[in-house]
Amino acid sequence: MADAPWAEIREKFQTALALSRVELHKNPEKEPYKSKYSARALLEEVKALLGPAPEDEDERPQADDCLGAGEHALGLPAELVEAEGPVAQGAVRRAVIEFHLGVNHIDTEELSAGEEHLVKCLRLLRKYRLSHDCVSLYIQAQNNLGILWSEREEIETAQAYLESSEALYNQYMKEIGSPPLDPTEHFLPEEEKLSEQERSKRFEKVYTHNLYYLAQVYQHMEMFEKAAHYCHSTLKRQLEHNAYHPMEWAINAATLSQFYINKQCFMEARHCLSAANVIFGQIGKIRTTEDTTEAEGDVPELYHQRKGEIARCWIKYCLTLMQNAQLSMQDNIGELDLDKQSELRALRKKELDEEESVRKKAVQFGTGELCDAISAVEEKVSYLRPLDFEEARELFLTGQHYVFEAKEFFQIDGYVTDHIEVVQDHSALFKVLAFFETDMERRCKMHKRRIAMLEPLIVDLNPQYYLLVNRQIQFEIAHAYYDMMDLKVAIADKLRDPDSHIVKKINNLNKSALKYYQLFLDSLRDPNKVFPEHIGEDVLRPAMLAKFRVARLYGKIITADPKKELENLATSLEHYKFIVDYCEKHPEAAQEIEVELELSKEMVSLLPTKMERFRTKMALT
């Protein structure tokens, strides 16, 4: 070390740390990094005062240093070498400065310089990395390099650094276990060194960050199972060590719920969402971490946005659980299959038994009062697939509550796409609830509610800018009218002599369904109004379904005019023929609509004979 007084070096270092923590918005607007640059200058002074590092074999650049830790980036075990003696202590202090210079350059968006300093830090610590004095610093340097390479989208390099950190933490805890020195302690006098408890807290926080970054890397690599495991571990550790920001924690837990929903692990999804609600409720009420820069609740717009986002996760939970039940219980025409319903009732006991098993313990967040608060939220919402209307209605009402909550923030002015998606989810909740309803008139009213909320949306939408959304809504409205017409026909079939009012109602619903299916199909035409010879893969199935339903709708129009009926049958045949001909030219399309294609072929075969009989009858009369 140079002959500079140790007190001066310590003071400069502590001042540099304080400047590094100054928030960007507290700097002059035109110099957002002013405090960072001041901190950097002091760190460079400290580095100069410490003197140059000795040029031994461990500190010369090596070929494998492109991964910073060389073979150790692969997580191979390290040998314990204590950082003892003046040479070792000097190397460790220089490594601390290189680390902070690296972070400083990354904070000011100078990534290459930041990488250079962090790699120097690792070189200086290489042989001491498992020691009590150096392990925390080494892991932090690797974590930062992992983040840096992740930002460059070099995900495998990021993975190597982060997995190396995880392996080193696990080796240290297994072989040594005592709380290691925090990097800042290398510039503190003995009397100001941290307590064992504080060291442990900081080291565990470093490891929690490591798991958090690994979760993101695995997500990016589409290793979703592993990403969810690491995300869950991170959230659990943050609660255990009381080291979290409520808003961020709640959003991460709600996001994790979506993974469990897609895996059909509804108990786990409900637990994540219930925990998100409870932790989100802490905003502005408790102080959770010493490094919280400002209360998250001080940003009202962000608060309401996050609240809306959590609400949307709840909507998806309720909707997917109901849809999953529908898929399990419907027959081949989409109606309730009573035998399947009975089978699922028999399985209910097994599902209830699982609640008390390891599965519940595996996902539990928090202990004591926090655990009780989460359980209280969970108890209000089922995780079991609804088996009848009453159970489905409970989930529907929960989902609808969160629809209203989400719409408070995601309004049509400013959040067009988000607002429409929430309304579409609301419509979908009504649609799946109608599946459980046995009263056909009430089912009709549910579809009517769907139409009432969807139709106003396309009035305000510019079809040029919102083409895909417009198509979705047109198709959905058409389907709602289609379902209502089928229900009204079924009701009329039960009557001995349907009156003209019912016939008119059926025809009006038919006409409305045709209108919206045609709008959808017209949206596929080119600027010259020509229907495409080859339909895009993304709209192939909806287009074929629309054609099939238009064909069926023309065949369902009730009219006393034989000429008009013949025209309707001809139009119906034209659409059925389109489906058959298109699938012959494009065999891949047949896989998308197997059932509808078979029915279309049947109708192409039958309708000409029916039409000929009709013509004969008309000629005779």
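None of these values were measured; they are calculated from a predicted model. (Residues numbered from 1 in each chain as written. Predicted model: local features only at pLDDT ≥ 70, side-chain atom pairs only at ≥ 80, totals over all residues. Heavy atoms only, no water.)

A. Inspection of the overall build of the protein chain at higher detail. Of regular secondary structure, the protein chain possesses 23 helices and zero strands. The C-alpha radius of gyration of the protein chain comes to 33 Å, more than 25% above the 25 Å expected for a compact globule of 621 residues. By its C-alpha atoms, the protein chain is 120 × 55 × 45 Å across when sized along the principal axes. Every one of the 621 residues in the protein chain was classed for burial, and the buried ones make up 50%. Taking all contacts inside the protein chain whose residues are at least 6 apart in sequence as the whole, residues at least 24 apart take part in 74%. With the model as given, the accessible surface of the protein chain reaches about 31700 Å², and the carbon-plus-sulfur share is 51%. With 78 positive and 106 negative side-chain charges, the protein chain shows a spacing of 7 Å between the two charge centroids. (Helix = DSSP H or I, 4+ residues; strand = E, 2+ residues; numbered from the N terminus. Rg over C-alpha atoms; globule rule 2.2 N^0.38 Å. Buried < 20%, exposed > 50% of the residue type's maximum accessible area, 1.4 Å probe, protein only. Contact = heavy atoms within 4.5 Å. Areas by Shrake-Rupley, 256 points an atom, 1.4 Å probe, with all protein chains shown as cover. Lys, Arg positive; Asp, Glu negative; His and termini not counted. Charge placed at Lys NZ, Arg CZ, Asp CG, Glu CD.)

B. Layout of the environment of V469. Looking at the element boundaries, V469 is found in helix α18 (residues 467-493). Residues V469 and R129, spaced 340 residues apart in sequence, show a C-alpha to C-alpha distance of 55 Å. Beyond its immediate chain neighbours, meaning those up to four positions away, V469 contacts I420 and L461.

C. Spatial organisation of the side chain of H447. Relative to the helices and strands, H447 is located in helix α17 (residues 440-460). With sequence-adjacent residues up to four places away left out, H447 is seen in contact with A434, A480, D483, M484 and L487.

D. How the structure looks around the pattern of salt bridges. Tallying each qualifying case throughout the model produces 30 salt bridges. Close ionic contact of R442 with E437 constitutes a salt bridge, the shortest N to O distance being 3.2 Å. Among the ionic pairs, D581 bridges to K577, the shortest N-O distance being 3.8 Å. Here K577 and D581 lie together in helix α21 (residues 562-585), a separation of four residues that amounts to about one turn. Residue D581 is classed as partly exposed on the basis of its relative accessible area, which comes to 33%. Each member of the salt-bridge network shares a partner with another, and the members are D182, E198 and R202. (Salt bridge = Lys/Arg side-chain N within 4 Å of Asp/Glu carboxyl O.)

E. Geometry of the packing of aromatic side chains. Going through the model one piece at a time under the given rule, you end up with 26 aromatic pairs. With a centroid separation of 5.8 Å and 75° between ring planes, the pair formed by F475 and Y517 is classed as edge-to-face. Placement of F475 in helix α18 and of Y517 in helix α19 (residues 500-522) is noted, with a sequence separation of 42 residues between them. Under the relative-accessibility criterion, Y517 is labelled buried at 0%. Judged by centre distance (5.7 Å) and plane angle (80°), the rings of F531 and F578 are edge-to-face. One end of the pair, F531, is in the loop between α19 and α20 (540-556); the other, F578, is in helix α21, with 47 residues separating them in the sequence. Exposure remark for F578: the relative accessible area of 23% places this residue in the partly exposed category. Counting every residue linked through ring pairs, the aromatic cluster contains Y169, Y172, F203 and Y207. When the ring centre of F410 is taken as reference, the NZ or CZ atom of R312 above it lies at 5.5 Å. (Phe/Tyr/Trp six-rings, centres within 6.5 Å; stacked < 30°, edge-to-face > 60°. Lys NZ or Arg CZ within 6 Å of the ring centre and 35° of its normal.)

F. Inspection of the packing of helix α16 (residues 416-436) against α18 at higher detail. Between α16 and α18, whose axes approach to 12 Å, the crossing angle comes to 20°. Looking at the two axes, α16 sits roughly parallel to α18. For the pair α16 and α18, the sense of crossing is left-handed. Seen from α16, the contacting residues are I420, Q424, S427, A428 and K431; seen from α18, they are V469, Q472, I473, E476 and H479. Considered class by class, the residues forming the contact of α16 with α18 number four nonpolar, four polar and two charged. (Axes fitted to C-alpha atoms, helices over the stretch in contact; angles between N-to-C directions. Parallel < 35°, antiparallel > 145°, perpendicular 65-115°, else oblique. Left-handed = near helix turned anticlockwise from the far one by under 90°. Nonpolar A, V, L, I, M, F, W, Y, C, P; charged D, E, K, R; others polar.)

G. Molecular detail of the confidence of the model for the protein chain. Mean pLDDT over the protein chain stands at 88; residues scoring 70 or higher make up 90%. Low confidence marks residues 56-66, where pLDDT is under 50. Its contacts with residues over four positions away, or in another chain, come to 20 contacts. A low-confidence stretch, residues 68-74 (pLDDT under 50), is modelled with 20 contacts involving residues beyond four sequence positions or located in other chains. (pLDDT = per-residue confidence, 0-100.)

H. Structural context of a negative patch on the surface. A grouping of E537, D538, E588 and E592 is seen on the molecular surface, where their side chains present a negatively charged patch. Within the secondary structure layout, D538 lies in the loop between α19 and α20. In this structure D538 comes out as exposed when scored by relative accessible area, which is 61%. (Patch = residues over 30% accessible without salt bridge, like charges linked within 9 Å, V, L, I, M, F, W, Y side chains within 5 Å.)

I. Local environment of the state of the cysteines. One pass over the full model with this rule turns up zero disulfides. C121 supplies the cysteine sulfur nearest to C134, a cysteine that is in no disulfide, at a spacing of 9.0 Å. Considering cysteine sulfurs only, C313 is the nearest to C318, which forms no disulfide, with 11 Å between them. Classification of C318 as buried rests on a relative accessible area of 0%. (Disulfide = S-S within 2.5 Å.)

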